[in-house]
Amino acid sequence: MTKPVERLTQAELVSCVLSHELFLAGRHGGRRMILPMVDLTGLAMPRRNLADADLSGASMRGCDLSGAILDRAQLFGADLRGANLTGVSLSRADMRGAVLCGADLSDADLQDADFRPGQIAAHSAQGFVSLSQRQRATMAEAAPNKIRSDVAAAFATDFSDCTMRGAKLNGAKLKSANLSGALLENADFTSANLENADFTDAVMSGAILAGSTTHDACMTGVVQAPTAEALSRRPALLEALAGHQVWCLTNGKQGGAAQMEGADLRVVGDALHRGQLTGLQAPGACLVRLNLEGAFLQAANLEGADLRGANLRGADLRGARLAGANLARADLRGALLKHLEVGGRATPTDLTGARFSYADCRGAQLSPGQLDAADAAEARFDRAA
């Protein structure tokens, strides 16, 4: 019989970590961390040495592991959704079948890590039943005594919507991995096995693929660095933005409303920071990771725009049209998203079909029911919205 899922407190986890570090140092009282299938959701282990630890199948959703050393660690089938893994070292770690969607792996060292398919199985009246990663995580929360750590090969590692800026993945085994929608700027995939990997809609500007195996990898909709044509438009775009701000400040008496449908606005850098952009027309535009903090975007048309990872902290989006926009991992802390009231009339903020996956919406102001038609799964709120 295997051990059922247990929930550790932060204090209990710290005790295990300290004992493991003594084990690594070869000191008296040390003991290797072996915590398969344990629930560590939301706990913190930043900058600790967890090399060679066994956390197979553990629920580590939202954990803070920033700067930690997890070299050669056993993380088979672990649930790391939304975890903070910035600067972590996972060299040669066993990550088969792990769930990393929405996790932040910026500047992580993943060299030679094993991300091949893997699967957790559960015991039922019908015998052992294989579970998808998300089914397993849900079952662990609802009925921990039903989960066992028996494993079999099947499900690919899930990196969907994660951030891996500047991550080192040299020689990593990523066959069949799901990297759809991931932010992979400047990630190093040198000599990695990317066979049959799914990069659909991933942002890959500056990513290094030298010597990697990409046979049958799906690159549909991949966002690369701005093209030469997009860069050549920069002067015209900056001029149009300047004219638009004049148009806003003079109530339409001077300047003119900017029309930027489908434009790659990454080329304008910080020009939108705290900008007067009321009524901006930019449907389908690319604004990935742009700094729009404090921008005035009331009644702007951003339908279908790509705002992944954008800084919209404190931005005024009242009355904006954001139907179908992608705001995954965007920073919307303190943003105004409620309906725009002008002269006793309300202009609704349209969030129909907008994606807020793993977006930080703490302190954002919303009107009742506003998210009903949006995809706000995994978004972070500090109160009911």
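Since the model is a prediction, treat every value here as computed from it, not as a measurement. (Residues numbered from 1 in each chain as written. Predicted model: local features only at pLDDT ≥ 70, side-chain atom pairs only at ≥ 80, totals over all residues. Heavy atoms only, no water.)

**Student:** Mind showing me how you'd approach the overall build of the chain here?
**Tutor:** Secondary structure assignment for the chain yields four helices and five strands. When its helices and strands are written in sequence order, the chain yields α-β-β-α-β-α-α-β-β. Expressed as a percentage of its 385 residues, the buried residues of the chain come to 49%. When the accessible surface of the chain is split by element, carbon and sulfur atoms take 48% of a total near 16500 Å². (Helix = DSSP H or I, 4+ residues; strand = E, 2+ residues; numbered from the N terminus. Buried < 20%, exposed > 50% of the residue type's maximum accessible area, 1.4 Å probe, protein only. Areas by Shrake-Rupley, 256 points an atom, 1.4 Å probe, with all protein chains shown as cover.)

**Student:** Would you mind showing me how to read the confidence of the model for the chain here?
**Tutor:** Detailed reading of the predicted model is not advised wherever pLDDT is low. Chain-level pLDDT for the chain is 89 on average; 89% of the residues reach the 70-or-more range. The low-confidence segment residues 123–154, where pLDDT is below 50, has 80 contacts with residues more than four positions distant or belonging to other chains. (pLDDT = per-residue confidence, 0-100. Contact = heavy atoms within 4.5 Å.)

**Student:** Before we go on, may I ask you to explain the nonpolar core in this structure?
**Tutor:** Leu 105 and Phe 199 are the most contacted members of the largest nonpolar core, which has 57 residues in total. The contact partners of Leu 105, leaving out residues within four places of it in the chain, are Leu 85, Val 88, Leu 90, Leu 100, Leu 110, Phe 159, Cys 162, Thr 163, Met 164 and Ala 167. Ranked by size, the runner-up nonpolar core spans 45 residues in total, among them Ala 258, Leu 290, Leu 332 and Ala 335. (Core = buried A, V, L, I, M, F, W, Y, C linked by side-chain atoms within 4.5 Å.)

**Student:** Is there a simple way to think about unusual backbone geometry in this case?
**Tutor:** Negative phi values dominate among residues other than glycine, just as trans dominates among peptide bonds. For Arg 47, which is not glycine, the phi dihedral falls at a positive 60°. In this structure, Arg 47 sits in the loop between helix H1 (10–24) and strand S1 (118–124). Given the relative accessible area of 63%, Arg 47 is considered exposed. Unlike most non-glycine residues, Asp 216 shows phi in positive territory, near 65°. Considering the arrangement of structural elements, one finds Asp 216 in the loop between strand S3 (147–155) and helix H3 (228–232).

**Student:** Where do I start with the side chain of Asn 301 in this structure?
**Tutor:** Mapped onto the elements of the fold, Asn 301 is located in the loop between helix H4 (234–249) and strand S4 (340–342). A relative accessible area of 6% places Asn 301 in the buried class. A distance of 3.5 Å separates the side chain of Asn 301 from the side chain of Gln 281, its partner in a polar contact. In contact with Asn 301, other than residues within four places in its own chain, are Leu 280, Gln 281, Ala 282, Pro 283 and Arg 321. (Polar contact = N/O pair within 3.5 Å; in protein donor to acceptor, adjacent residues only side chain to side chain.)

**Student:** Honestly, H4 in this entry has me stumped. Any pointers?
**Tutor:** Because an α-helix packs 3.6 residues into every turn, residues spaced three or four apart end up facing the same way. For H4, with 16 residues, the first-to-last C-alpha span of 23 Å sits near the 22 Å given by 1.5 Å per residue. Residues of H4 that are buried include every one of Leu 237, Leu 241, Gly 243, His 244 and Cys 248, and no others. Along the long axis of H4, the arc covered by the buried residues comes to 165°, so they all point the same way. Residues of H4 that are exposed and point more than 90 degrees away from the buried face comprise Pro 235, Glu 239 and Leu 249. Remark: Asn 251 follows H4 within two positions and exhibits a positive phi of approximately 55°. (Expected span 1.5 Å × (residues − 1). Arc of directions from axis to C-beta.)

**Student:** How should I be thinking about the state of the cysteines in this particular structure?
**Tutor:** The bond known as a disulfide is covalent and runs between the sulfur atoms of two cysteines. Within this structure, the stated rule accounts for zero disulfides. Unpaired in this structure, Cys 101 has its nearest cysteine sulfur neighbour in Cys 162, at a distance of 8.7 Å. (Disulfide = S-S within 2.5 Å.)

**Student:** Any chance you could explain the packing of aromatic side chains here in plain terms?
**Tutor:** Any two aromatic rings considered together are summarised by their centre-to-centre distance and by the angle between their planes. Applying the stated criterion across every chain yields a total of two aromatic pairs. Each ring, one from Phe 189 and one from Phe 199, has its centre 6.0 Å from the other, and the planes form 85°; the classification is edge-to-face. Of this pair, Phe 189 sits in the loop between S3 and H3 while Phe 199 sits in the loop between S3 and H3, and the two are 10 residues apart along the sequence. Each member of the pair Phe 189 and Phe 199 is classed as buried. (Phe/Tyr/Trp six-rings, centres within 6.5 Å; stacked < 30°, edge-to-face > 60°.)

**Student:** Any chance you could explain H1 here in plain terms?
**Tutor:** For H1, which comprises 15 residues, the first-to-last C-alpha distance of 21 Å matches the rise-based estimate of 21 Å (1.5 Å per residue) to within 8%. Following H1 by one or two positions, Gly 26 adopts a phi angle in the positive range, close to 70°.

**Student:** Help me understand the side chain of Thr 157 in this model?
**Tutor:** On the secondary structure map, Thr 157 appears in the loop between S3 and H3. One polar contact links the side chain of Thr 157 to the main-chain carbonyl oxygen of Met 95, over a distance of 3.2 Å. Here the side chain of Thr 157 touches Phe 115 through a polar contact of 2.9 Å, landing on its backbone oxygen. If near-sequence neighbours (up to four positions away) are discounted, Thr 157 is found in contact with Met 95, Arg 96, Gly 97, Ala 98, Leu 100, Phe 115, Arg 116, Ala 177 and Asn 178.

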